[in-house]
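Descriptive structure summary
Next come the chains, spelled out residue by residue.
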Amino acid sequence: MPFLDEDYLLETDAARELYDAIADRPIVDPHTHADVAEIVENDGWNDVWEVEAATDHYVWALMRNCGVDEELITGDADNREKWTALAEVFPQFAGNPTYEWVHLDLQRRFGIEERISAETADEIWQETKAQLAEDDMRPQELLAEMNVEVVGSTDDPTDDLAYHERAADEVEGVELVPTWRADRAVKVDRPEWTDFVAELAAATEVDTDDFDGFLAALAASHDYFDERGCRACDLGIEQPVSRPVSDERARDVFERALAGASLSEREVGDFQAYLTEYIGELNAEKGWVTQLHLGPVRNYRDSLFERLGPAAGGDISTGDVDLVKPLEHFLNRFDDEMDVVLYVIDPTHYPSVATMARVFPNVTVGPAWWFNDSPFGMEHQLEYVGTVELLSQHAGMVSDSRKLLSYGSRFEMFRRSLANVVGKQVDRGQVPADVAQDLVEGLAYDRPKELYGF
């Protein structure tokens, strides 16, 4: 099969027919790390490094593994030097989905068929640079060209949503919605937690010097986001904790943490459990979706974190996370009260979250996330979830991306993988063809739109 041709990832005639039915459906992307200012300002980009690698820690990690010096990844080298370094090692990326995503971007957005290599680096640099200077390659125009209908950004409770307000008036054809990412509120054991408490007070103009004020400030931020179209809350947690915790206990931990005291593991867990439940109450009251991103071990490589900080490609997956008992209280507390989407980074947790979704109708298995958002990972997850829970109730796809050009390629990869999984079921006589088409059409567009209330 030719590289990335019309049959890419499609192994049967039924798969091809199913993909044709969903290929052009609008993109609803509930979870991204979109730069909303970049979209609103609509100034565009200067070169291919900016659009393909400047914000992509998937690319960074693979370049490091190929021996590229950090100066040519996140350092002070100019973008052309960085692109040349990436092109020289890019053939070594073959077999990793990043190899496919970036080539899909070049083919679908720029019309460039050449494969990335040391020999093609200059040609691709020049051609993409010329195209990026055109008006039709600016962010808003590209969103329209990719048929993106909804983009959910990721925003801290202390963030000013002025650009979202501008987007509502200035950006046509796409809905840019904020998502309330409350990690910093919950992580009371982090040195920067007290900075968050102070920033929250400044952002909401609510005094956070005492526990009641802290909760009121979180509620004020929640209201502010809701008024600007927010539909979901994100919580990224390595090890979930949920259990009944009294107001008095949570207040005591808050006061000790604010005073700089060293907290025990039990105190940290109690505060996390209390605040997670409080956030769940806020979400349930407004009808938001609660998205729990479970299991990643952040900043595992010390030298990388010390040099570059978080989100630099130094996070890993672990199966050593307990989900069942720690989520039991939370899921029962909000049984039928709000939609909960569970993302897990380690695929060994699929049986747990799939059976949770089987037991709780308001719980949904999130997309194959992070290290799993490849054709291999997505097909494995879709096949498993469909046999244990209901494929029709899967959450669909999110790009989880920091770069705008990848929305189209990541959704294409998902839709082709979905069509291939269901197409094989048609060919095996497991699913009638007309039912299969309804299934993939729902999962490609209707299901996520309904789930998040877009």
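Structure: above.
Residues numbered from 1 in each chain as written. Predicted model: local features only at pLDDT ≥ 70, side-chain atom pairs only at ≥ 80, totals over all residues. Heavy atoms only, no water.

Here we come to the packing of aromatic side chains. The full count for this structure, using the stated rule, is 18 aromatic pairs. A centroid spacing of 6.1 Å and a plane angle of 70° characterise the contact between Tyr 224 and Phe 225, whose relative ring orientation is edge-to-face. On the basis of relative accessibility, which here comes to 0%, the residue Phe 225 falls in the buried class. Here Trp 370 and Phe 371 contribute two aromatic rings whose centre-to-centre distance is 5.3 Å and whose plane-to-plane angle is 20°, an arrangement assigned as stacked. When its relative accessible area of 42% is taken as the criterion, Phe 371 is described as partly exposed. By the ring-pair criterion, three or more aromatic residues cluster together here, those being Trp 193, Phe 211, Phe 214, Phe 254, Phe 271 and Tyr 274. Above the ring of Phe 334, the side-chain terminus of Arg 333 is found at 4.5 Å from the ring centroid. (Phe/Tyr/Trp six-rings, centres within 6.5 Å; stacked < 30°, edge-to-face > 60°. Buried < 20%, exposed > 50% of the residue type's maximum accessible area, 1.4 Å probe, protein only. Lys NZ or Arg CZ within 6 Å of the ring centre and 35° of its normal.)

This next bit is on the sheet that holds strand S6 (residues 289-294). Within the open sheet, the five strands sit side by side as S4-S5-S6-S7-S8. Their pairing is parallel. Single-partner strands in this sheet number two, and they are strand S4 (180-181) and strand S8 (363-365). Strand contacts of helix H16 (residues 324-333): S6, strand S7 (340-344) and S8, with the helix running at about 180° to S6, the strand carrying the most contacts. (Pairing = 2+ DSSP bridges. Helix = DSSP H or I, 4+ residues; strand = E, 2+ residues; numbered from the N terminus. Contact = heavy atoms within 4.5 Å. Axes fitted to C-alpha atoms, helices over the stretch in contact; angles between N-to-C directions.)

A few words on the packing of helix H12 (residues 211-227) against helix H13 (residues 247-258). Packing of H12 against H13 leaves a shortest axis separation of 9 Å and a crossing angle of 95°. Regarding the angle of H12 to H13, the classification is roughly perpendicular. Residues Phe 211, Asp 212 and Phe 214 of H12 pack against Asp 247, Ala 250, Arg 251 and Phe 254 of H13. Looking at the contact of H12 with H13 residue by residue, the class counts come to four nonpolar, no polar and three charged. (Parallel < 35°, antiparallel > 145°, perpendicular 65-115°, else oblique. Nonpolar A, V, L, I, M, F, W, Y, C, P; charged D, E, K, R; others polar.)

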